[in-house]
Amino acid sequence: NVQWFVFWFFFLIFLFFVLLTKSVVLFLLTVTVFLSTLTPKFYFALTVTSSFISGLIFVFEWWHFRKYGTSFIEQVSVSHLRPLIGGAESSPPAPAAFSAGDNESSRQNMPECKVWRNPLNLFRGAEYSRYMWVTGKEPLTYYDMNLSAQDHQTFFTCDTDALRPSDTVMQKAWRERNPQARIKAAYQALELNNDNSLLAKFLICATAYVLLAEEEATTIVDAEKYFKQALKAGEMIYRKSQNCHSQSPQHEAQLRRDTNVLVYVKRRLAMCARKLGRIREAVKMMRDLMKEFPLLSMLNIHENLLEALLELQAYADVQAVLAKYDDISLPKSAAICYTAALLKARAVSERFSPETASKRGLSTAEINAVEAIHRAVEFNPHVPKYLLEMKSLVLPPEHILKRGDSEAVAYAFFHLQHWKRIEGALNLLHCTWEGTFRMIPYPLEKGHLFYPYPSCTETADRELLPTFHEVSVYPQKELPFFIHFTAGLCSFSAMLALLTHQFPELMVVFAKAVSTVSVMGLAQVSLEFLGILRSRVK
């Protein structure tokens, strides 16, 4: 029975291929006859249509790659077609950095992609909102504002807030998406005083005034007034919390919250003084704050201090701050690396000339300056294009990704003026910064002075920066295959259309010859396949 089954199985396969081959041959002969009757207008219309369609696909692929960094056709193939043909369904990589603290455990294997609070972030009401009123463009992304809402809830709330209705209102205010609803909730919290105690009233005022200063104040002067009111309330409640923080874990949580409020208010007051031109006052406030709360170095208050000292041109004081914070055991930032490079460039930039340096060689001071620039560029390769004004700046986001484009925007926004102030510094940067990439191994499997450059920065930067900003990508991605393919197909079709229009008779003869040869070749292959199949069956 098995032998008969095998015999009939192979016989049916043989019969199927015989009929299929004969039908294919007849079909190919029919196609040959049809192609021989076509006119030059048909071939011209065919090539023009092919060129137009492939051109549209090329433009769409290029736009998708520029905006999202991937090929649309490849993305669809991986996401939808591979599972259908039996391939393993690969889940897309998770976004790089997605909270300032909530997802810390899930990102322990890639700490470079942690999102940090921007130490010099602007005021929403007095700066970000004014930009939107003038340009009509939203400077902050929803993802960035959502991270700020999480930060506010972490900094300004604690578990005991549910005991008072006023604090419950403020908790809802920090979570509210609508700015007007947040401001309304802040005023509502100021009016509530559940237990009629002066202490509770001051606590409510501290957090509510912070919200009003950030979002309702339309000028820095108005914001400073609100923060001064918040400071009075914050200092009183902080002293009270210090006296009773050891009584219970709840009191310890309240002290942490009150400390966060006080530090935040003092820092923003110092930033207000800096923006209003009272720079020495701002420097004193920052120094006092760092001295009073030395354990809060993770807030990066020293970066505010560095910028203010550079504005005063107090370069010796800047060097002293760098000596303390530019340490191998402390996390680096673009502000630290590029400020160190700026100070070393300042010593040689005024007399630096690339022609003279190429003839006599670099001096020791010039070598130190170039090495400092290379170190800074390796840490964040996006900054030089902003400092050299090769790329346009936008308002910095409220959160940044270290070594990413968002950090480069934030640094250049505040420090470009300091580089311009030192004569020759930008010229030295222009002549030397690209030399960094000859020192970094490629592919970026290991770094030279720092850890390898993380591959997750592009995804996070696209979430943090506005859509109208062209995100800087490092290393530059190679163009996907389908962009090359569609570009080649479009060019080839356009060339054929042009030749068909210029030499219609010659191109028709050529097309008929190619089609005839192709059809006869397919027929010959089909017949050879039939002969092989017959011999195998016999």
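Residues numbered from 1 in each chain as written. Predicted model: local features only at pLDDT ≥ 70, side-chain atom pairs only at ≥ 80, totals over all residues. Heavy atoms only, no water.

Draft legend 1. The arrangement of the overall build of the protein chain in detail. Within the protein chain one finds 22 helices and two strands. In the protein chain, buried positions account for 44% of the 538 residues. Residue pairs in contact within the protein chain that sit at least 24 positions apart in sequence constitute 72% of those at least 6 positions apart. Accessible surface, the protein chain as shown: approximately 29,600 Å² in total, 61% of it carbon and sulfur. (Helix = DSSP H or I, 4+ residues; strand = E, 2+ residues; numbered from the N terminus. Buried < 20%, exposed > 50% of the residue type's maximum accessible area, 1.4 Å probe, protein only. Contact = heavy atoms within 4.5 Å. Areas by Shrake-Rupley, 256 points an atom, 1.4 Å probe, with all protein chains shown as cover.)

Draft legend 2. Molecular detail of the packing of aromatic side chains. Evaluation of the coordinates by the stated rule reveals nine aromatic pairs. Considering the side-chain rings of phenylalanine 60 and tryptophan 63, the 5.8 Å spacing of their centres and the 35° angle between planes classify their relative orientation as tilted. Taken together, the residues phenylalanine 60 and tryptophan 63, both in helix 2 (residues 40-68) and three residues apart, mark about one turn of the helix. Here phenylalanine 60 falls in the partly exposed class, since its relative accessible area comes to 38%. Taking the centre distance of 5.4 Å and the plane angle of 40° together, the rings of tyrosine 338 and tyrosine 411 count as tilted. With tyrosine 338 in helix 14 (residues 334-346) and tyrosine 411 in helix 18 (residues 405-421), this residue pair connects regions lying 73 residues apart in the sequence. Residue tyrosine 338 shares its accessibility class with tyrosine 411, and that shared class is buried. An aromatic cluster is built from Phe155, Phe156, Trp174 and Tyr264, whose rings are joined through pairwise contacts. (Phe/Tyr/Trp six-rings, centres within 6.5 Å; stacked < 30°, edge-to-face > 60°.)

Draft legend 3. Geometry of a nonpolar patch on the surface. Together, Phe492, Met495, Leu499, Phe503 and Leu506 line one region of the surface with nonpolar side chains, adding up to about 500 Å² of accessible area. Examining the composition of the nonpolar patch, we find that three residues originate from one element, helix 21 (residues 481-502), more than from any other. Counting through the fold element by element, leucine 499 comes out in helix 21. (Patch = residues over 30% accessible without salt bridge, like charges linked within 9 Å, V, L, I, M, F, W, Y side chains within 5 Å. Salt bridge = Lys/Arg side-chain N within 4 Å of Asp/Glu carboxyl O.)

Draft legend 4. Up close: the packing of helix 9 (residues 220-244) against helix 10 (residues 249-275). Interhelical geometry of helix 9 versus helix 10 gives an angle of 150° and a closest axis separation of 8 Å. By the criterion of interaxial angle, the relationship of helix 9 to helix 10 is roughly antiparallel. Crossing of helix 9 over helix 10 shows left-handed handedness. Partitioning the contact of helix 9 with helix 10 into residue classes produces 13 nonpolar, six polar and seven charged. (Axes fitted to C-alpha atoms, helices over the stretch in contact; angles between N-to-C directions. Parallel < 35°, antiparallel > 145°, perpendicular 65-115°, else oblique. Left-handed = near helix turned anticlockwise from the far one by under 90°. Nonpolar A, V, L, I, M, F, W, Y, C, P; charged D, E, K, R; others polar.)

Draft legend 5. Quick peek at helix 21. A rise of 1.5 Å per residue sets the reference length of helix 21, with its 22 residues, at 32 Å; its end C-alpha atoms lie 32 Å apart and thus fit the reference within 8%. Turning to helix 21, its buried residues are Ile483, Thr486, Cys490, Ser493, Ala497 and Thr500. The arc that holds every buried residue of helix 21, seen down its axis, measures 130°, which confines them to one face. Facing away from the buried side of helix 21, by more than 90 degrees, are the exposed residues Phe481 and Leu498. (Expected span 1.5 Å × (residues − 1). Arc of directions from axis to C-beta.)

Draft legend 6. Expanded view of helix 4 (residues 124-135). By the burial criterion, the buried members of helix 4 are Arg124, Gly125, Ala126, Tyr128 and Ser129. Among the residues trailing helix 4, glycine 136 stands out with phi positive, at a value near 75°.

Draft legend 7. Summary view of unusual backbone geometry. Its identity as a non-glycine residue notwithstanding, glutamate 389 has a phi of 60°, on the positive side. Structurally, glutamate 389 can be placed in the loop between helix 17 (383-387) and strand 2 (399-401). One non-glycine residue, arginine 403, adopts positive backbone phi at about 75°.

Draft legend 8. Structural view of the environment of glutamate 463. Looking at where glutamate 463 falls in the secondary structure, it is placed in helix 20 (residues 457-464). Setting aside anything within four residues of it in sequence, one finds glutamate 463 in contact with Thr141, Tyr143 and Asp144.

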